[in-house]
Amino acid sequence: MKITKIDCHTLLVKDVNPDACSSAQDNLVVEVHTDEGIVGIGETDVHPFIAQACIQSPGTHCMGFGLEEMLIGENPMETEAIWRKLYSGSKMNGRRGALICAMGAIDMALWDIKGKACNVPIYQLLGGATKESVTPYASLLPDGRTVEEYQSVLVERTRAAQEAGFKAAKLEVCVNGPYSQNRLDASDDAVVQIVAACREAVGESMTLMVDVAYAWADTKRALSVLKRLEPYDLFFLETPLDIDDLEGHAFLADHSPIRIAAGEWQNTHFEFVDLADRAKLDVLQPDIGRVGGFTAAQKVCQIAAERGRLVVPHCWKSGIGIAASAHLAFATAHCPYIEFLPPQLCESQLRRELLDVELQVVDGVMPAPTRPGLGVELNREALERFRWERK
């Protein structure tokens, strides 16, 4: 089998909000075609035009080839060899950043091809199921313009997630710091107040996590808030500090009463060695589309296993990435949850409409997929409707 063509679908919702702390408003979906008629699907969480350029731009020397020109004619079943070829051949332009994200979408599609060619779900190719089901947590980001509105909507959505059968939810409490939702600038008291209100709304039976989107500039302030959040029984707190402050994360890992999680922005498994060893994170959060695909994500899971850490994949795109996270989780014993954007509680039309077929949540869990590959199918009408053309 040989790769013959790569289609890049650059997508954007019509009512994009540049002040929103949400990357679910755009997407790059790739389709990798083969000479046997099998087509693989992948996506990545990065600016779609940049990722598309990484794929389609021609190289000018042997240290900076484009990804597409290196892929054509390759055997899609040889995922490890292809990953190494793409990484090495683009190294002067890549190594990290958007090019690795583009590689992630391609690698995801190649594993989709492998599963379809072998007529098995991807998790079976990753070593087989380690559990009967995967538990998704509902990731909840409200669209409030004031702290009061933000809290009210988040409480409402947390209750709605519980009523829909979710056993866990992550509260996106993005109300201060550099990436606050709708440019809010609230106090740390508001962070604690919002979490307290959500916990009161759903009681003690629901697992809650919190994401503050790199809110705090120093460790002492972060630790102070973490201690105030301890009574609300959080499974983890995500991205408290600038991601490059490895020493600060290590300080929090040593002193925080709550697990510290991060990794959504990391590219390649190499960066997770630093998060595990220097930052001492309790929970590693590879985004399969951003880290470099299944080929790199498997190595992140191994890094975590060797150090006794947990893996909880990040995913803020569509059912394509959710399916990828689920397959990784089924094959990873130390992965207790995956991130899940509930379509009915998400602002993004792309999340709601991009797929005709996706993995389903049944009684708060995802049963093991049975369809080959990722197990998803694109909505062709949505691909055309959300297509983003340069003006």
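What comes next is a walk through the structure. (Residues numbered from 1 in each chain as written. Predicted model: local features only at pLDDT ≥ 70, side-chain atom pairs only at ≥ 80, totals over all residues. Heavy atoms only, no water.)

With respect to the packing of helix α8 (residues 219–229) against helix α9 (residues 246–255)
Each packed pair of helices is defined by two parameters, the angle between the axes and the distance between the axes.
So, step 1. Packing of α8 against α9 leaves a shortest axis separation of 10 Å and a crossing angle of 30 degrees. The angle between α8 and α9 falls in the class roughly parallel. In this structure, α8 crosses over α9, and the sense of that crossing is right-handed. Where α8 abuts α9, its residues T219, A222, L223 and L226 lie against G248, F251, L252 and H255.
So, step 2. For the contact of α8 with α9, a count of residues per class yields five nonpolar, three polar and no charged. (Axes fitted to C-alpha atoms, helices over the stretch in contact; angles between N-to-C directions. Helix = DSSP H or I, 4+ residues; strand = E, 2+ residues; numbered from the N terminus. Parallel < 35°, antiparallel > 145°, perpendicular 65-115°, else oblique. Left-handed = near helix turned anticlockwise from the far one by under 90°. Contact = heavy atoms within 4.5 Å. Nonpolar A, V, L, I, M, F, W, Y, C, P; charged D, E, K, R; others polar.)

With respect to the sheet that holds strand β6 (residues 168–172)
So, step 1. Here eight strands make up an open sheet; going across it, the order is β11-β10-β9-β8-β7-β6-β5-β12 and the pairing parallel. The sheet terminates laterally at β11 (310–311) and β12 (338–340), the two strands that pair on one side only. (Pairing = 2+ DSSP bridges.)

A closer look at the packing of aromatic side chains
So, step 1. Taken as a whole, this structure holds twelve aromatic pairs when the rule is applied.
So, step 2. Centre to centre, the rings of Y87 and F270 are 6.0 Å apart; their planes meet at 40 degrees, and the pair counts as tilted. Here Y87, found in helix α3 (residues 79–89), pairs with F270, found in helix α10 (residues 268–277); they are 183 residues apart in sequence, far enough to count as distant.
So, step 3. On the numbers, 4.3 Å between centres and 25 degrees between planes, the contact of Y214 with W265 is stacked. Linking Y214 in the loop between β7 (207–211) and α8 with W265 in the loop between β9 (260–262) and α10, this pair joins segments that are 51 residues apart in sequence.
So, step 4. Directly above the ring of F340 sits R351, whose terminal nitrogen or CZ lies 5.2 Å from the centroid. (Phe/Tyr/Trp six-rings, centres within 6.5 Å; stacked < 30°, edge-to-face > 60°. Lys NZ or Arg CZ within 6 Å of the ring centre and 35° of its normal.)

Regarding the pattern of salt bridges
So, step 1. Per the stated rule, a full pass over the model turns up 25 salt bridges.
So, step 2. In this structure, D7 and K5 form a salt bridge, with 3.9 Å as the shortest nitrogen-oxygen distance.
So, step 3. The class of D7 is partly exposed, set by a relative accessible area of 22%.
So, step 4. Ionic contacts of the salt-bridge type, sharing partners, join the residues K170, E172, E238 and E339 into one network. (Salt bridge = Lys/Arg side-chain N within 4 Å of Asp/Glu carboxyl O. Buried < 20%, exposed > 50% of the residue type's maximum accessible area, 1.4 Å probe, protein only.)

What about the packing of helix α7 (residues 188–202) against α8?
So, step 1. Between α7 and α8, whose axes approach to 10 Å, the crossing angle comes to 25 degrees. On the basis of their axis angle, the class for α7 and α8 is roughly parallel. Pair α7 / α8 crosses with right-handed handedness. Residues D188, D189, V191, V192 and V195 of α7 form the contact with α8, whose participating residues are R221, V225, R228 and L229.
So, step 2. Taken together, the residues of the contact of α7 with α8 break down into five nonpolar, no polar and four charged.

Notes on the pairing of β6
Regular strands place side chains that alternate from one sheet face to the opposite one.
So, step 1. Within β6, five of the five residues are buried, which leaves it mostly tucked inside the rest of the structure.
So, step 2. Crossover connection from strand β5 (residues 136–140) via helix α6 (residues 147–163) to parallel β6: handedness right-handed.
So, step 3. The handedness of the β6 to β7 crossover, carried by α7, is right-handed. (Right-handed = clockwise from strand over helix to strand, strands pointing away.)

Topic: the sheet that holds strand β2 (residues 26–34)
So, step 1. Sheet architecture is open: three strands sit in the order β1-β2-β3, paired in antiparallel fashion. Edge positions in the open sheet fall to β1 (3–12) and β3 (39–44), since each of these has one partner strand only. Taken pair by pair, the neighbouring strands of this sheet meet at an average axis angle of 20 degrees, ignoring direction.
So, step 2. Judged from the nine bridges that link them, β1 and β2 form a sheet pairing that is antiparallel. Across the sheet, H9 pairs through a bridge with V29, a residue of β2.

What to know about the environment of R387
So, step 1. Here R387 shows up in the segment after α15 (380–385).
So, step 2. With 113 residues separating them along the chain, R387 and D274 place their C-alpha atoms 37 Å apart.
So, step 3. In contact with R387, not counting residues within four places along its chain, are C8, H9, T10, L11 and K14.
So, step 4. One polar contact links R387 to H9, side chain to side chain, over a distance of 3.4 Å.
So, step 5. Of note is the side chain of R387, whose polar atom sits 2.8 Å from the side chain of E384. (Polar contact = N/O pair within 3.5 Å; in protein donor to acceptor, adjacent residues only side chain to side chain.)

Considerations on the nonpolar core
So, step 1. Core analysis: the biggest nonpolar cluster contains 130 residues, and I55, L67, V173, L284, F294, I320 and L374 have the highest contact counts within it.
So, step 2. Among the nonpolar cores identified, the runner-up in size contains nine residues, and Y137, A168, V283 and V312 belong to it. (Core = buried A, V, L, I, M, F, W, Y, C linked by side-chain atoms within 4.5 Å.)

Structural notes on the pairing of β2
So, step 1. Burial of β2 is extensive: nine of the nine residues sit out of reach of the surface.
So, step 2. Of the two faces of β2, the one carrying D26, L28, V30, V32 and T34 and the one carrying N27, V29, E31 and H33 are both buried.
So, step 3. Counted between consecutive antiparallel strands, the loop separating β2 from β3 contains four residues, among which G37 sits at a positive phi close to 85 degrees.

Focus: α8
So, step 1. By the burial criterion, the buried members of α8 are T219, A222, L223, V225, L226 and L229. Burial along α8 is one-sided: seen end-on, the buried residues are contained in an arc of 165 degrees.
So, step 2. Of the surrounding elements, those touching the buried residues of α8 are α7, β8 (234–238), α9 and β9.
So, step 3. Of the residues that open α8, the one with a side-chain oxygen 3.3 Å from the backbone nitrogen of K220 is D218. (Arc of directions from axis to C-beta.)

These values are about where atoms sit, not about what they do.
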